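Spelled out, the chains give:
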Amino acid sequence: MTKNSFQWIVDELPYAKPFLFVDEIMSIDETSVEGTYRFHSDAAFFGGHFKNNPVTPGVLLTECCAQVGLVCLGIYLLGDNKQLKDLKIGMSSSQMEFLVPVFPGERVRVVSERVYFRFQKLKCDVKMYNKDNELVCKGTLAGMMSITNE
């Protein structure tokens, strides 16, 4: 598959700007996903975190990892189901370790490996890298994914 063939997954995400933290899905299969996002310099949160030395808040790094590494993979796994518009998502746990900061304008790459997907719960090991391929953060995320049947 080409990179553009994964745009349908991004289109199905239940997020919109300014809370959409996925630009592109680079690869995806039954067990893993890789995607990117650029933290734009004009994002409002950089004005106050921190006011003289802006860095991306850890909670937003976690959210980016969750959107790429958990939700995009979940949408792919549920993709044959035509009722994705009724998708319900809830984060059930996160354990993240932060190693280096992400500055305004930086593009990050998230790599996620599925640990399991059963009983509508998806658990993944995620890693985020910066442009220099340094490990920014890593951890384990889990969430519930369900589709409401009519």
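Residues numbered from 1 in each chain as written. Predicted model: local features only at pLDDT ≥ 70, side-chain atom pairs only at ≥ 80, totals over all residues. Heavy atoms only, no water.

A. Layout of the nonpolar core. Ranked by internal contacts, the top residues of the largest apolar core, which has 40 residues, are Leu13, Val22, Ile25, Phe39, Cys64, Cys65 and Met128. Elements supplying a minimum of two residues to this core: helix H1 (7-12), strand E1 (24-28), strand E2 (32-38), helix H2 (58-78), strand E3 (87-98), strand E4 (107-118), strand E5 (121-129) and strand E6 (135-147). By residue number, the principal contributor to this core is H2, which donates 13 residues. (Core = buried A, V, L, I, M, F, W, Y, C linked by side-chain atoms within 4.5 Å. Buried < 20%, exposed > 50% of the residue type's maximum accessible area, 1.4 Å probe, protein only. Helix = DSSP H or I, 4+ residues; strand = E, 2+ residues; numbered from the N terminus.)

B. Examining the sheet that holds E2 more closely. Pairing in this open sheet of six strands is antiparallel, and the strands run E1-E2-E4-E5-E6-E3 from one edge to the other. The open sheet has two edge strands with one neighbour each: E1 and E3. Strand-to-strand twist across the sheet, computed as the mean angle between neighbouring axes with direction ignored, equals 25°. Pairing geometry for E2 and E4, over seven bridges, is antiparallel. Within E4, the residue paired with serine 32 across the bridge is glutamate 113. (Pairing = 2+ DSSP bridges. Axes fitted to C-alpha atoms, helices over the stretch in contact; angles between N-to-C directions.)

C. Molecular detail of the packing of aromatic side chains. Inspection of the entire model under this criterion finds five aromatic pairs. Ring plane angle 75° and centroid distance 5.2 Å describe the contact between phenylalanine 19 and phenylalanine 21, whose orientation is recorded as edge-to-face. Under the relative-accessibility criterion, phenylalanine 21 is labelled buried at 2%. When the ring of phenylalanine 21 is compared with that of tyrosine 37, the centres are 5.3 Å apart and the planes differ by 80°; the resulting orientation is edge-to-face. Taken together, the positions of phenylalanine 21 in the loop between H1 and E1 and tyrosine 37 in strand E2 put the pair 16 residues apart, joining distant regions of the chain. (Phe/Tyr/Trp six-rings, centres within 6.5 Å; stacked < 30°, edge-to-face > 60°.)

D. Structural view of a negative patch on the surface. The grouping of Asp29, Glu30, Glu113 and Asp125 at the surface amounts to a negative patch. Note that aspartate 125 resides in strand E5. (Patch = residues over 30% accessible without salt bridge, like charges linked within 9 Å, V, L, I, M, F, W, Y side chains within 5 Å. Areas by Shrake-Rupley, 256 points an atom, 1.4 Å probe, with all protein chains shown as cover. Salt bridge = Lys/Arg side-chain N within 4 Å of Asp/Glu carboxyl O. Lys, Arg positive; Asp, Glu negative; His and termini not counted. Charge placed at Lys NZ, Arg CZ, Asp CG, Glu CD.)

E. How the structure looks around the confidence of the model for the protein chain. Here the protein chain averages 91 in pLDDT, while 91% of its residues score no lower than 70. Here E3 stands out as the element of the protein chain with the lowest mean pLDDT, 87, in contrast to E2, whose mean of 98 is the highest. (pLDDT = per-residue confidence, 0-100.)

F. Spatial organisation of unusual backbone geometry. Across the junction of lysine 17 and proline 18, the peptide omega takes the value 15°, indicating a cis bond. Note that proline 18 resides in the loop between H1 and E1. At the junction of histidine 49 and phenylalanine 50, the peptide bond is cis and its omega measures out at -5° in the coordinates. Inspection of the secondary structure assignment puts phenylalanine 50 in the loop between E2 and H2. The backbone of phenylalanine 119 shows a phi angle near 50°, a positive value even though the residue is not glycine.

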